[in-house]
Amino acid sequence: MVPGKRTTSLRVALCALLFLLLQIAAHAVPPCCAAAPARNVLLISSYHPGFPTFFRQVEGLNSVLKPAGVKLDVEFMDSKRFNIPENLTLFYELLKFKLGKLSPYDVIVTSDDNALSFALKHRDTLFPDTPIVFCGVNNESLAHSMVTDPMVTGVIESVSMQETIDLIWKLRPDAKTMYAIVDETPSGQGDLATYRSMQSHYPGRNLAVLSLTDMTWEELGQELESIPESSGLLLLSAYRDKNGASKTFEEGLAWILDHAKAPLFHLWSHGLGQGIIGGKIISQFEQGRIAGHMALRLINGEPPRSIPIIEGDQANRFAFDQLVLNKYHISDALVPPNSQILNKPPGIWSTHRIEVVAALIVFMLLAVFFVILSLYANKLRKTKVMLSEAHKRLSFHVTNSPLALVEWEDGRHIKKWSKQAEEMFGWTEEEVIGKNWNDFEFIYEDDIEDVTNELLNLFEGRSTFNTVENRNYRKDKSIIYCQWYNSSLMDEDGAMISLLSQVADVTKLKTYEANLLQAKEQAEASNRAKSEFLANMSHEIRTPMNGVVGMLQLLRSSKLNPEQSNSVDMALQASERLTLLLSDILDISVIEAGYLKVNKSPLDISGVLKQTVELFKPAFSQKGIVFSASIDPDVRTRVLGDATRVQQVLANFIGNAFKFTALGSVAVSISSQPVHPPGHVRLLFTVADTGIGISDNSLEILFNPFTQGSQGHQRNHEGAGLGLSICKRLVELMGGSICVDSELGVGTTIYCTIPFELDQRTGAVRDDRLAEEEPGPEKIKVLVAEDDAISRTAARKQLEHMGYEVCVVENGQRLLEVLREETPDVILMDVRMPLMDGLEATRAIRRGEAGADKAGIPIIAMTAYAMNGDRDLILAAGMDEYISKPVDLSVLKAVLESVLKQSKADHG
């Protein structure tokens, strides 16, 4: 056999043996645990992808991160070629865009000075709270300043200048002069300064310089050719000559090696293996490997401050090219121990490793075969014991299971009927063995078809397991509800071998379900009755309240002495408190029932704040409290949301601050929180006062319904304790949250955050709140439909007092009769009236039953219905606006003017 064929056959045999060994190992070794989910690290490189040091750094990082399941991403600044502000700005914007779309990185790694400076400058906006690991940093002062930064650590990159110069003198003992090749680049000039500072360490020897700052590439080549081989050359930097002619590192290195006779030493790993003899080099691989270990420690939970910054020398090592050492006849004994040697000739192991491996594998296979035979015999013995024990355990579990067990041979005839089945159904095993379930009265007749359809899926192989709930007869003809858990065993041809059924008696459960359903229906009926009761109570209370408030407002507009005027004002305040209390009770009831909905429509946050502030300015001025309100300039105020609910929450907070502040100030502010999804904004509403404050015990229950900071019979402030509870639930419905910071005797600050979708549309912002009051029109005819005599009288006098011509009727039917004869400018319509209610009357008007020319008359609901959904129902009937009772004169006036103005605009 010729040697080539012998080697090929040996390799084939080796592959076969390796495959067999792997198969054995795969069956002998248990499967490993699932790998942990990958974590992510981002490398920001100062360079571009073609820079020679980049690949080695990445190899070093991945040598640590990749085995640990950590994914490494890279972003290139390219600041070495384009170190201009425009490039850095574009890189920042691009990185910001990418990071906004990706999940946060666990660690940021920076390569070189520019990347570290960039990361420190922009970390608060790009990757806050993310630790930073730097490598390849030459600015030692900047690196050392990071010792005090709790989120930064890394490895400094500094050249081993003295060690390399010592090495050159050692390897070239006859040389009296050493030559450093350098250009005008900042890194080269920095290394040149370090080089020249070494002169005092070597008396009697000269550290010369060949500077491309003062010569061209051709002149450098001539100088190199004149330097004897016994000297040493040290490459610091060679990219540009004095005329600006540039070369890449590889091009510059090739030029120097083509003209140099003396060996060329270097301080960096790039170039090694391309003709450079070596030196104590900065290993980019080692820099990356050390940075990778630091990043992995941070990912595993260590804080950056516990990982010290590593000096540059710890990442440097001696490295040489064996081919260049041989070229200059330099013995391996002269190089430092533990040096890295490239292009080293292979040893005996490399030459004969195939034969050695083959022999080891054959020996291992023989040992493995012997072990396998022993294990197989032992496994057979254990299997018999396990089968016996498994049979015993199965029999025990079947006997003691709470479920009945029925096995059907070929899916049709009973083969096994457990003791539990005997107790559940009443038949003994002897009575049913071998029978089909059709052979005795077993399944309730109305359920037979459903059971058959479910079992067909098992018989036809569409599934191997199902559950069936049906009614079964017991032997005594009683009916029970059963839950059947069926599993099938099929042969290779798809025919059923066995069907195993486990059965549970769920009769009691079905009874419980029926009782629960009945209880649910009763609860829903009770809830409907509650809603109807609340709606009726709201109407019944608001209707007389409307008369009371209306008459008091009329009385206040008449000539009264100071004492009488004061009494009327106090009565109106009491009425207002009663109305607010009623609204709060209805709100909390609707919220608890889950019926309250939050609208989303265009609104202006600044308008909401302005209108809310205007409501409280007179009260604060009268009390002597400094009241201020502000919006941060960065806030986007045009949003989509529920203006009414936002104003309700804000007004409640300000009202509480006013109530509990006797002296000092109340400040309202709105600002934007930094973290929010695109197209949205999260606003922070802050209301701070210098009032009496809240105790820690009261803070815990502050947002509970019917709870106040002051308890017991002695209370200094009014209220039912519903406002903050309603606010909290409204804010939560809008997707926000509330928190309170308070100190007794110092004051209270309420913080409320609410998310909004930004309104991207142009044009004026629509708002469902009332416009500012303007003078009402004169000689406008108003038709009022109101069944309550007091409310009817109050409405007539109020409208006449505002300068309107008024006609009143007591129900919808009378309104239609009057409307056929007269043409009012606007109708104020009560909803609940005898003979014909307001909704029916409105629909009749819109259908033209009072005349086609009257179908478009503006109609305003003036009703005591104030429950959630009442407004939508009323407007759906065809009314133009809605005012709840008791009616405030300013609100009535504003709504009338708004509706009349809109009607005039619609009709030209």
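Procedures and definitions
Within every chain, residues take consecutive numbers counted from 1 along the sequence as written. At least 70 in pLDDT is required for a residue's local features to be given in this predicted model, at least 80 for side-chain atom pairs to be given and counted, and no such filter applies to totals for whole chains, interfaces and linings, which use all residues. Each side-chain value is worked out from all heavy atoms of the structure, with water and hydrogens disregarded. UniProt positions are given in the numbering used here, feature names are shortened, and annotations may be inferred rather than shown by experiment. Numbering of helices and strands runs from the N terminus; a helix is a DSSP stretch of H or I covering at least four residues, while a strand is a stretch of E covering at least two. Accessible area is worked out with a 1.4 Å probe on protein chains only. A residue is then buried under 20% of its type maximum, exposed over 50%, and partly exposed in between. Contact between two residues is taken to exist if any of their heavy atoms lie within 4.5 Å; hydrogens are not considered. This arc describes the spread of directions from the helix axis toward the C-beta atoms. Between any two strands, at least two bridges found by DSSP are needed for them to pair. Orientation is described by axes fitted as lines to C-alpha atoms, over the contacting stretch for helices, and by angles from 0 to 180 degrees between their N-to-C directions. Reported orientations rely on four angle classes, namely roughly parallel under 35 degrees, roughly antiparallel over 145, roughly perpendicular from 65 to 115, and oblique for the rest. Crossing handedness is read from the near helix: turned anticlockwise from the far helix by less than a right angle, it gives a left-handed crossing, and turned clockwise, a right-handed one. Throughout, the ten residues Ala, Val, Leu, Ile, Met, Phe, Trp, Tyr, Cys and Pro are labelled nonpolar, Asp, Glu, Lys and Arg are labelled charged, and all others, Gly among them, are labelled polar. Two rings from Phe, Tyr or Trp (for Trp, the six-membered ring) form a pair when their centres sit within 6.5 Å of each other. Planes less than 30 degrees apart are called stacked, planes more than 60 degrees apart edge-to-face, and all others tilted. Geometrically, a charge over a ring is one whose NZ (Lys) or CZ (Arg) sits within 6 Å of the ring centre while staying within 35 degrees of the ring normal.

The name given to the protein chain in an unreviewed UniProt entry is histidine kinase, with Oceanidesulfovibrio marinus as the source organism. In UniProt, the protein chain has this text filed under Catalytic activity (unreviewed entry): "ATP + protein L-histidine = ADP + protein N-phospho-L-histidine." Annotation of the protein chain in UniProt includes, under Subcellular location (unreviewed entry), the sentence "Membrane".

Caption draft 1: Structural view of the overall build of the protein chain. Scanning the protein chain for helices and strands turns up 26 helices and 29 strands. For the protein chain, buried positions account for 42% of its 908 residues. Here the contacts in the protein chain between residues at least 6 apart in sequence split such that 67% fall between residues at least 24 apart.

Caption draft 2: How the structure looks around the side chain of Thr177. With respect to the helices and strands, Thr177 occurs in strand β6 (residues 177-182). Excluding residues that lie within four positions of it along the chain, Thr177 makes contacts with Trp169, Asn206, Ala208, Ser231 and Gly232.

Caption draft 3: Representation of helix α2 (residues 52-65). Every buried residue of α2 is listed here: Thr53, Phe54, Gln57, Val58, Gly60, Leu61, Val64 and Leu65. Angularly, the buried residues of α2 cover 160 degrees about the axis, an arc narrow enough to put them on a single face. Turning to α2, the residues buried within the fold contact β1 (39-45), β2 (70-76), β3 (107-111), β4 (132-137) and α10 (284-299).

Caption draft 4: Quick look at the pairing of strand β23 (residues 737-743). In terms of strand pairing, β23 meets strand β24 (residues 747-758) through seven bridges, oriented antiparallel. Along β24, the bridge assignment pairs Ile738 with Cys752.

Caption draft 5: Up close: the packing of helix α18 (residues 605-623) against helix α19 (residues 643-659). The geometry of α18 relative to α19 is characterised by a closest axis approach of 9 Å and an angle of 20 degrees between their N-to-C directions. Classed by the angle they form, the pair α18 and α19 counts as roughly parallel. Relative to α19, α18 is oriented so that their crossing is right-handed. Listed contacts from α19 to Val608, Leu609, Gln611, Thr612, Leu615, Phe616, Ala619, Phe620 and Lys623 of α18 are Ala643, Val646, Gln647, Leu650, Ala651, Ile654, Gly655, Phe658 and Lys659. Counted by class, the contact of α18 with α19 contains twelve nonpolar, four polar and two charged residues.

Caption draft 6: Molecular detail of the pairing of strand β11 (residues 316-321). Of all the six residues making up β11, five are buried; the element is thus mostly covered by neighbouring parts of the structure. Note: β11 against strand β12 (residues 340-342), three bridges, orientation parallel. Each bridged residue has a counterpart across the sheet, and for Ala319 the counterpart in β12 is Gln340.

Caption draft 7: The arrangement of the packing of aromatic side chains in detail. On inspection of all chains with the given rule, the structure shows 15 aromatic pairs. Ring centres of Phe442 and Trp484 lie 5.9 Å apart, and the angle between their planes is 90 degrees; on these two criteria the pair is classed as edge-to-face. Of this pair, Phe442 sits in the loop between α14 (429-432) and α15 (448-459) while Trp484 sits in strand β16 (residues 479-490), and the two are 42 residues apart along the sequence. In this structure, Phe442 and Trp484 share a single accessibility class: buried. Seen from the ring of Trp217, Lys247 lies directly overhead, with NZ or CZ sitting 5.2 Å from the centre. Directly above the ring of Phe658 sits Lys623, whose terminal nitrogen or CZ lies 4.4 Å from the centroid.

Caption draft 8: Fine view of the environment of Phe756. Within the secondary structure, Phe756 sits in strand β24. We classify Phe756 as buried; its relative accessible area is 4%. Sequence-wise, Phe756 and Leu683 are 73 residues apart; in three dimensions their C-alpha atoms are separated by 7.7 Å. Setting aside residues no more than four positions away along its own chain, Phe756 makes contact with Ile605, Val639, Leu640, Gly641, Val646, His680, Val681, Leu683 and Phe685.

Caption draft 9: How the structure looks around the side chain of Thr749. Structurally, the position occupied by Thr749 is in strand β24. Classification of Thr749 as buried rests on a relative accessible area of 14%. Residues in contact with Thr749, not counting those within four places in the same chain, are Thr686, Val687, Ala688, Cys739, Val740 and Asp741.

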